[in-house]
Amino acid sequence: MRSPASKVGGLRVCIVPEYPLNLMAGGLQVQAVETCEAVSSLGGDIQCELFDWSSRQPPADVYHFIGLPAHMTRLAELVAASGRPWLVTLLLGAPAPGAVKLAAARSWLKTALVRGPSLRKTLKAAARVITVTAAEAQAASRICGLDPERLAVVPHGVGAAFYQRDPRAWQSVHGSEPFVLCVGAVQPRKNQLLLAQAANALRLPLVLIGPELPENRGYAELVAAEMKRNEPFGGRWIRGLDRNDPLLVAAHHACRVFALLSTAETQPISVLQAMAAKVYKLGNCAGAGSKVKIINQLLAGVHIAAAAEAMALGLREGVDAHDLYEVITHSAGNSWMFENRMAHVL
């Protein structure tokens, strides 16, 4: 899919979403398409297009990545190698400081820890890094070591129609009874099945708005069965509502509660997941976690002692402490304890 170019030979801007357009649905698709439309509407010499994963066209002049998951890192590196500038909008989900910021940044922090230096190196090569909130910019700066001067905060891209509160278009078709609303492509990670089961247990009317994805047909059948049971309470599943349909905006204003239940994408599903980068399940009996923790602490103590001995040996032999630290932390002899604790020694 491509947006029409305003002038041949103008500045070509390529929008690179997280996935190919044919694999996107719901919010991801709207995000990519509307970003492209917004840039195209600027007019002048700007030509905007969505990245075509199967095309072999000449490189664009500027690339804008929406999100930077692991599978996109190599593409960003190739763009940089071609000499084209690129920018990225990070999707961290941290709307405000405090507890919400910490919970929302958990997923990003986990990614940063797992991908580590490679992610930070890639982000530092971007011409500009965009975040949606100031809290996200602060998180990106601290976690990835980004220069605040290279960070730009663009508040949001929510359409103006969503601020015009008018539920009448929905109510004229479906009535004025209150309901719970969930919008998005029906798929396991969105967890609509659990939401429908909860609504049925509480006898609450649930309205789902979103398509069924072909690859998740089995899951969609389970959701459809639960939604069938929800019909007596006033619920319904609307599969084909276009993003520009006035009913979509009106549904947001007519609902009593808007629910975005997710297995991992939006909010942690448990206190443990909010606290930890990874949660391990160690059988069904109490005590296994404590035993593993003791073993881990024994190893941690050994690594700290060995790290201290290694640093003392280097100093006795006349090696500069900072040079020793730099070499070891980039060599096979490194350990988490050496890298973390010896930094305090220095």
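This one's a predicted model, so the numbers in the text were calculated from it and none came from an experiment.

Some thoughts on the environment of H64
Item 1. For H64, the location among the structural elements is in strand 3 (residues 62–66).
Item 2. H64 sits in the buried class, given a relative accessible area of 13%.
Item 3. Considering only alpha carbons, one finds H64 and V129, 65 residues apart in sequence, at a separation of 9.8 Å.

Examining the pattern of salt bridges
Item 1. Scanning the model with the defined rule gives 6 salt bridges in all.
Item 2. With a closest N to O distance of 3.6 Å, K228 and E231 form a salt bridge.
Item 3. We classify E231 as partly exposed; its relative accessible area is 42%.

Considering the sheet that holds strand 3
Item 1. Taken together, the 6 strands give an open sheet; going across it, the order is 2-1-3-4-5-6, and neighbouring strands pair in parallel fashion. If you trace the sheet from one side to the other, it starts and ends with strand 2 (46–50) and strand 6 (151–153), each paired once. Each strand axis lies, on average, 20° off the axis of its neighbour in the sheet, ignoring direction.
Item 2. Across 3 bridges, the pairing between strand 4 (residues 86–89) and strand 5 (residues 128–131) is parallel. Considered in strand 5, the bridge of T89 is made with I130.
Item 3. Along the sheet face, helix 5 (residues 134–144) touches strand 5 and strand 6 and points at about 165° away from the line of strand 6.

A look at the pairing of strand 4
Item 1. Here 4 bridges tie strand 3 to strand 4, and the two strands are oriented parallel to one another. Opposite I66, over in strand 4, you have T89 as the bridge partner.
Item 2. The β-α-β motif built from strand 3, the intervening helix 2 (residues 70–81) and the parallel element strand 4 has right-handed crossover chirality.

Observations concerning the packing of helix 7 (residues 192–202) against helix 8 (residues 217–230)
Item 1. At their nearest, the axes of helix 7 and helix 8 sit 9 Å apart, and the two run at 20° to each other. In terms of orientation, helix 7 and helix 8 fall into the roughly parallel class. For the crossing formed where helix 7 meets helix 8, the hand is left-handed. Contacts between helix 7 and helix 8 involve Q192, L193, A196, Q197, A199 and N200 from the first element and Y219, L222, V223, E226, M227, R229 and N230 from the second.
Item 2. Here the contact of helix 7 with helix 8 is built from residues that sort into 7 nonpolar, 4 polar and 2 charged.

Focus on the layout of surface pockets
Item 1. Counted as a void, the second largest pocket has a volume near 510 Å³.
Item 2. Lining the second largest pocket are 13 residues, with Y280, V292, K293, N296 and A300 positioned closest to its centre.
Item 3. Residue assignment for the lining of the second largest pocket shows that the elements contributing at least two residues are helix 11 (288–316) and helix 13 (336–345).
Item 4. When the residues that make up the lining of the second largest pocket are grouped by side-chain class, the tally is 7 nonpolar, 4 polar and 2 charged.

Some thoughts on helix 12 (residues 321–328)
Item 1. Within the span of helix 12, buried status applies to A321, L324 and Y325. What you see down the axis of helix 12 is that its buried residues fit within an arc of 100°, all on one side. Facing away from the buried side of helix 12 by more than 90 degrees, the exposed set consists of H322 and V327.
Item 2. Those residues of helix 12 that are buried lie in contact with helix 11 and helix 13.

Points about the state of the cysteines
Item 1. This model, assessed by the stated rule, comprises 0 disulfides.
Item 2. Here C36 stays free of any disulfide, with the sulfur of C48 as its closest cysteine sulfur at 3.4 Å.

Observations concerning the confidence of the model for the protein chain
Item 1. Scored by pLDDT, the protein chain comes out at a mean of 80, with 80% of its residues at no less than 70.
Item 2. Low pLDDT (under 50) marks residues 94–104, which in the prediction has 16 contacts with non-local residues, meaning those over four places away or in another chain.
Item 3. In this model, residues 264–269 is a region of pLDDT below 50 whose contacts with residues beyond four sequence positions or in other chains number 12 contacts.

The rules behind each value
- Residues numbered from 1 in each chain as written.
- Predicted model: local features only at pLDDT ≥ 70, side-chain atom pairs only at ≥ 80, totals over all residues.
- Heavy atoms only, no water.
- Helix = DSSP H or I, 4+ residues; strand = E, 2+ residues; numbered from the N terminus.
- Buried < 20%, exposed > 50% of the residue type's maximum accessible area, 1.4 Å probe, protein only.
- Salt bridge = Lys/Arg side-chain N within 4 Å of Asp/Glu carboxyl O.
- Pairing = 2+ DSSP bridges.
- Axes fitted to C-alpha atoms, helices over the stretch in contact; angles between N-to-C directions.
- Contact = heavy atoms within 4.5 Å.
- Right-handed = clockwise from strand over helix to strand, strands pointing away.
- Parallel < 35°, antiparallel > 145°, perpendicular 65-115°, else oblique.
- Left-handed = near helix turned anticlockwise from the far one by under 90°.
- Nonpolar A, V, L, I, M, F, W, Y, C, P; charged D, E, K, R; others polar.
- 1 Å grid on protein atoms, 1.4 Å probe; cavity = no way out; pocket = protein on both sides within 12 Å on 5 of 7 lines; lining within 4 Å.
- Points joined across faces, edges and corners; volume = space filled by probe spheres on them.
- Arc of directions from axis to C-beta.
- Disulfide = S-S within 2.5 Å.
- pLDDT = per-residue confidence, 0-100.

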